[in-house]
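# Descriptive structure summary
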Amino acid sequence: MKIAIPIESDKPDTLISTVFARSKWFAIWDTDLKTYEIIDNPYHADKLQVGENVVWLLTKKNVRHFAAFEIGLKLQNESSIRHIQLILLPPKIKKLKDILTFIDNN
Amino acid sequence: MARHKQNRVLQQPPRVRGFNPMGFYSSKTDSIYLNFEEFESIRLIDYESLTQEQASSYMKISRPTLTRIYESARKKLGKVLVEANQLLIDGGNYIFKENWFECKNCECKFNNPDNSEITSCIICHSKQIELLQSS
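Keep in mind that this is a model prediction, so the values were computed, not measured.

Think of a pair of aromatic rings as described by two things: how far the centres are apart, and how the planes are tilted against each other in angle. What the rule picks out here adds up to six aromatic pairs over all chains. With a centroid separation of 4.6 Å and an interplanar angle of 15°, the aromatic rings of F36 of chain B and Y94 of chain B are classed as stacked. One end of the pair, F36 of chain B, is in helix 1 (residues 36-47); the other, Y94 of chain B, is in strand 5 (residues 94-96), and 58 residues separate them in sequence. Judged by its relative accessible area of 8%, Y94 of chain B falls in the buried class. An aromatic cluster is built from F20, F26 and F66 of chain A, whose rings are joined through pairwise contacts.

Right, dumping it as structure tokens:
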């Protein structure tokens, strides 16, 4: 199962981004293999259709779960997101490695 | 007898249960309760920059009702900021647009778009999950 997490930079100790579709990078975390890859978001500065493009970018990589602090209304109402599971992260998870710590401890 | 209040539709639950002022200890009597629909009105109008007409459409209520909810929310937030009260987000007359679950272990919240059976948390795999009930 793959989860997309928006991140502030492409470094391993990066903070999780507060915005989803306009984030410059995503970490795609594979819960089965317990690994992640970092990908660029070439659509982060798009004026129109950024949501639709980001959903396409991530679903192309078989991501069906989006985790973030906040997923904007516009993106939530995209028809392409209807079968994507949305995960709202709690405030105690600030960095990408915080999520990985949860996996390792459970 | 007063008319029964219609449930307001919420897109998603708040991420947190409330806020505490820094450097202050607030007793429970100083707490201000912001209910879920007031939080949603702030989220839609101030955060998502919707008009009141648009926000009322999302919440499935009339525009005047939304205005009253929004004004009540703003008053409460003003009181919290000025008087340094604790803010608790709880209660109200609401239903969620879809099912949302909360993990009691890692405190994340997630929806279930495919209506499949949910038995554990998607992040930490804990089985301590709870369906967030509407009012």
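Here we come to the pairing of strand 6 (residues 100-103) of chain B. Residues and elements named next belong to chain B. Of the two faces of strand 6, the one holding W100 and E102 and the one holding F101 and C103 are both buried throughout. In this antiparallel pair of consecutive strands, strand 6 and strand 7 (residues 109-111), the connection spans five residues, and E107 shows a positive phi of 70°. One ladder, built from three bridges, connects strand 6 with strand 8 (residues 129-131); its direction is antiparallel. Counterpart to F101 in the pairing with strand 8 is L131.

All right, on to the interface of chain B and chain A then. Interfaces are often sized by the amount of accessible area the parts lose when they come together. Taken together, the contact between chain B and chain A spans 26 residues of the former and 26 residues of the latter. At the boundary of chain B with chain A, total buried surface from both sides reaches about 2400 Å², with 55% on carbon and sulfur atoms. When the buried area of chain B at its contact with chain A is split by residue, R15, I122 and I123 of chain B rank highest and sum to 30% of it. Where chain B packs against chain A, one counts two salt bridges. When the shortest N-O distance is used, the salt bridge between K92 of chain A and E107 of chain B registers 3.9 Å. One can count eleven residue pairs in polar contact (both at pLDDT 80 or more) joining chain B with chain A. Every element with two or more residues in the side of chain B that touches chain A is listed here: helix 1 and strand 7 of chain B. Here the side of chain B that touches chain A is built from residues that sort into 15 nonpolar, four polar and seven charged. By the bridge criterion, two bridges tie strand 5 (residues 85-88) of chain A to strand 7 of chain B in an arrangement that is antiparallel. Bridge pairing in strand 7 of chain B places L88 of chain A opposite K109 of chain B.

Moving on, we get to the sheet that holds strand 3 (residues 32-34) of chain B. Residues and elements named next belong to chain B. Pairing in this open sheet of three strands is mixed, and the strands run 2-4-3 from one edge to the other. The sheet is open, and its two borders are formed by strand 2 (18-19) and strand 3, each paired with just one other strand. Here two bridges tie strand 2 to strand 4 (residues 87-89), and the two strands are oriented antiparallel to one another. Paired with G18 across the bridge in strand 4 is L88. Of the strands in this sheet, strand 3 and strand 4 touch helix 1, which is tilted by about 70° from strand 3. Sheet strands touched by helix 3 (residues 63-83): strand 3 and strand 4. Its angle to strand 3, the strand with the most contacts, is close to 145°.

What counts, and at which threshold
Residues numbered from 1 in each chain as written. Chains lettered and ligands numbered in written order. Predicted model: local features only at pLDDT ≥ 70, side-chain atom pairs only at ≥ 80, totals over all residues. Heavy atoms only, no water. Phe/Tyr/Trp six-rings, centres within 6.5 Å; stacked < 30°, edge-to-face > 60°. Helix = DSSP H or I, 4+ residues; strand = E, 2+ residues; numbered from the N terminus. Buried < 20%, exposed > 50% of the residue type's maximum accessible area, 1.4 Å probe, protein only. Pairing = 2+ DSSP bridges. Contact = heavy atoms within 4.5 Å. Buried area = accessible area lost by both parts, 1.4 Å probe. Salt bridge = Lys/Arg side-chain N within 4 Å of Asp/Glu carboxyl O. Polar contact = N/O pair within 3.5 Å; in protein donor to acceptor, adjacent residues only side chain to side chain. Nonpolar A, V, L, I, M, F, W, Y, C, P; charged D, E, K, R; others polar. Axes fitted to C-alpha atoms, helices over the stretch in contact; angles between N-to-C directions.

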